[in-house]
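Okay, here's what each chain looks like letter by letter:
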Amino acid sequence: MEEKKEKKCLKTATKIKIAILGMAATVLGFVLLINYYPDGKFEYSRTETITVTDGKADPAGFNDSLKIGRSGTYQLHVEWGDWQNYDPATQSGFITVFTLKNSEGLTLFETTGESLSADSIDYNLAEGSYSLEFKFLCSQEEFDKYCEEHQYKNDSEPADLFKNGSWERRFYVFAKDNNDKLGSTIAVCLGVLFGLFLVLLIVTLGTMGRKAGAPKYDERQIAEQGKSYKYGFFTALIICAMHLVFDIAGIDLHLEKSIMLLIIIEVPVAVAATHMILHDAYFQLNENRKFMTISLAIIGICNLFFAIKEIADGKFIVDGVVTFHGACNLIAALMLFYVIAILGIKAYLDKKEE
Amino acid sequence: MKNLRLKAARASFDMSQQELADKVGVSRQTINAIEKGDYNPTINLCIAICKELNKTLDEIFWEE
């Protein structure tokens, strides 16, 4: 008997150790990923006041560098001036020439404009430093000369563009690795692993009093769970069918595809959980319900915190579309609070029955 | 149909639903469902209950 008891304790302790070590390992993985896996996004920003007097700019231009920390396929985005609210009256009286060169002085990307936002094609950039050159053309002659040197066809005549004055401009360059999948894939895998270890820890702590080898659910609970999964399955079918109809009818739900997939997962889970809770098939035998409910509430609050943060950061809706990163925590929080509400209703019904 | 014989047998041992449930390895709600007639147990659970209550299957589960 003593031996059996010892074995049981060891088993629970081993589970807790595995869960804690697993969580610690995934956290370590995250720290290593953040510190040693270079980000696939590189930004450069500089604000300058350019004064144009009689066709001469002060400064005439400036050079800087952009450090790419990881080789990859990059798309460059450059912008300067108030390109979103283009107004000839307030625009600068010069044309900016932007050039990106590699360490050997080879021009990779070049663009010109008075006020603009431009995206490059994809470039394979190796890890290293790249030079950014900004040059200001302040007269038609200078611009024509530049076009001639670069063999550009200059058909347009920028009337009233070049003028004297002083303008403060923010020059912004953004490089993003278009194939940056590895880092996010590792991060998602680590997140899933962390979640699994967390669930293992919570379930182990919540069922500490149970004898080793004892069944988790009784036969009635298993039968009810079968019904719950059936309802969940049909709910998933209905949502998928609705999604299909919306898709064929061309009705835009303004949701990212991944959000729709999350809804297809979460709603059937909520339906199944509701049936299980109302039929006492949700918690395992001898499971500490209070502990489990509090754990769900804590996880729900954590998700709600991140959801509020994402909404405050403006990531919830981007370009009129609800994004996965902005909404996944909110959906998870709503789901968890819904489960807690159903548990409360069930507890009330049980109390009333007694 | 309510299983009043199970309830009576349990009461004769001065046993609560939870105590019987713990002895046969099911949840209290399962014993409650059997007594209320909401759930038909498997033969294995019937035998386990009968053994705990020192009754035969006929005495508790046979409908006349």
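What you see is a predicted model, and the numbers here were worked out from it, not measured in a lab. (Residues numbered from 1 in each chain as written. Chains lettered and ligands numbered in written order. Predicted model: local features only at pLDDT ≥ 70, side-chain atom pairs only at ≥ 80, totals over all residues.)

### Some points on the overall build of chain A
Along its length, chain A carries 7 helices and 11 strands. Relative to its full complement of 354 residues, chain A shows a buried share of 19%. The contacts of chain A with a sequence gap of at least 6 include a subset with a gap of at least 24, amounting to 82%. (Helix = DSSP H or I, 4+ residues; strand = E, 2+ residues; numbered from the N terminus. Buried ≥ 20, exposed ≤ 12 C-beta atoms within 10 Å, placed from the backbone. Contact = placed C-beta atoms within 7 Å.)

### Re the pairing of strand β6 (residues 107-113) of chain A
On a regular strand, one side chain projects to one face of the sheet and the next to the other, so that they alternate. Two strands pair when backbone bridges link them, and strand β5 (residues 95-101) of chain A and β6 of chain A are joined in this way by 6 bridges, in the antiparallel orientation. Across the sheet, Leu100 of chain A pairs through a bridge with Phe109 of chain A, a residue of β6 of chain A. (Pairing = 2+ DSSP bridges.)

### Observations concerning the packing of helix α2 (residues 17-24) of chain B against helix α4 (residues 43-53) of chain B
Residues and elements named next belong to chain B. Running from N to C, α2 and α4 cross one another at 115 degrees; their axes reach a closest spacing of 10 Å. By crossing handedness, the relation of α2 to α4 is classed as right-handed. The residues of α4 that touch α2, namely those facing Leu20, Lys23 and Val24, are Leu45, Ala48, Ile49 and Glu52. A class-by-class count of the residues in the contact of α2 with α4 yields 5 nonpolar, no polar and 2 charged. (Axes fitted to C-alpha atoms, helices over the stretch in contact; angles between N-to-C directions. Left-handed = near helix turned anticlockwise from the far one by under 90°. Nonpolar A, V, L, I, M, F, W, Y, C, P; charged D, E, K, R; others polar.)

### Describing the confidence of the model for chain A
All names here are of chain A. On average, residues of chain A score 84 in pLDDT, and 92% of them reach the 70 mark or higher. Highest mean pLDDT in chain A belongs to helix α4 (residues 219-249) (94); lowest belongs to helix α1 (residues 2-36) (75). Across residues 1-6, confidence stays below pLDDT 50; counting only partners more than four residues off in sequence or on other chains, it has 0 contacts. (pLDDT = per-residue confidence, 0-100.)

### Describing the environment of Leu108 of chain A
All names here are of chain A. Looking at where Leu108 falls in the secondary structure, it is placed in strand β6. Taking the C-alpha atoms as reference points, Leu108 and Tyr130, separated by 22 residues in sequence, lie 9.6 Å from one another. With sequence-adjacent residues up to four places away left out, Leu108 is seen in contact with Leu100, Lys101, Asn102 and Tyr123.

### Digging into the interface of chain A and chain B
The partner chain B presents 9 residues to the 8 residues of chain A that form the contact. For the side of chain A that touches chain B, the residue count by class is 3 nonpolar, 1 polar and 4 charged.

### Re unusual backbone geometry
Generally, phi is negative for residues other than glycine and the peptide bonds are trans, each holding for most cases. Residue and element names in this part refer to chain A. Between Asp58 and Pro59 the backbone carries a cis peptide bond, its omega angle lying at -5 degrees. Along the chain, Pro59 falls in the loop between β2 (56-58) and β3 (61-68). If you check the backbone angles, Asp280 has positive phi at about 55 degrees while not being a glycine. Within the secondary structure, Asp280 is located in the loop between α5 (257-278) and α6 (289-312).

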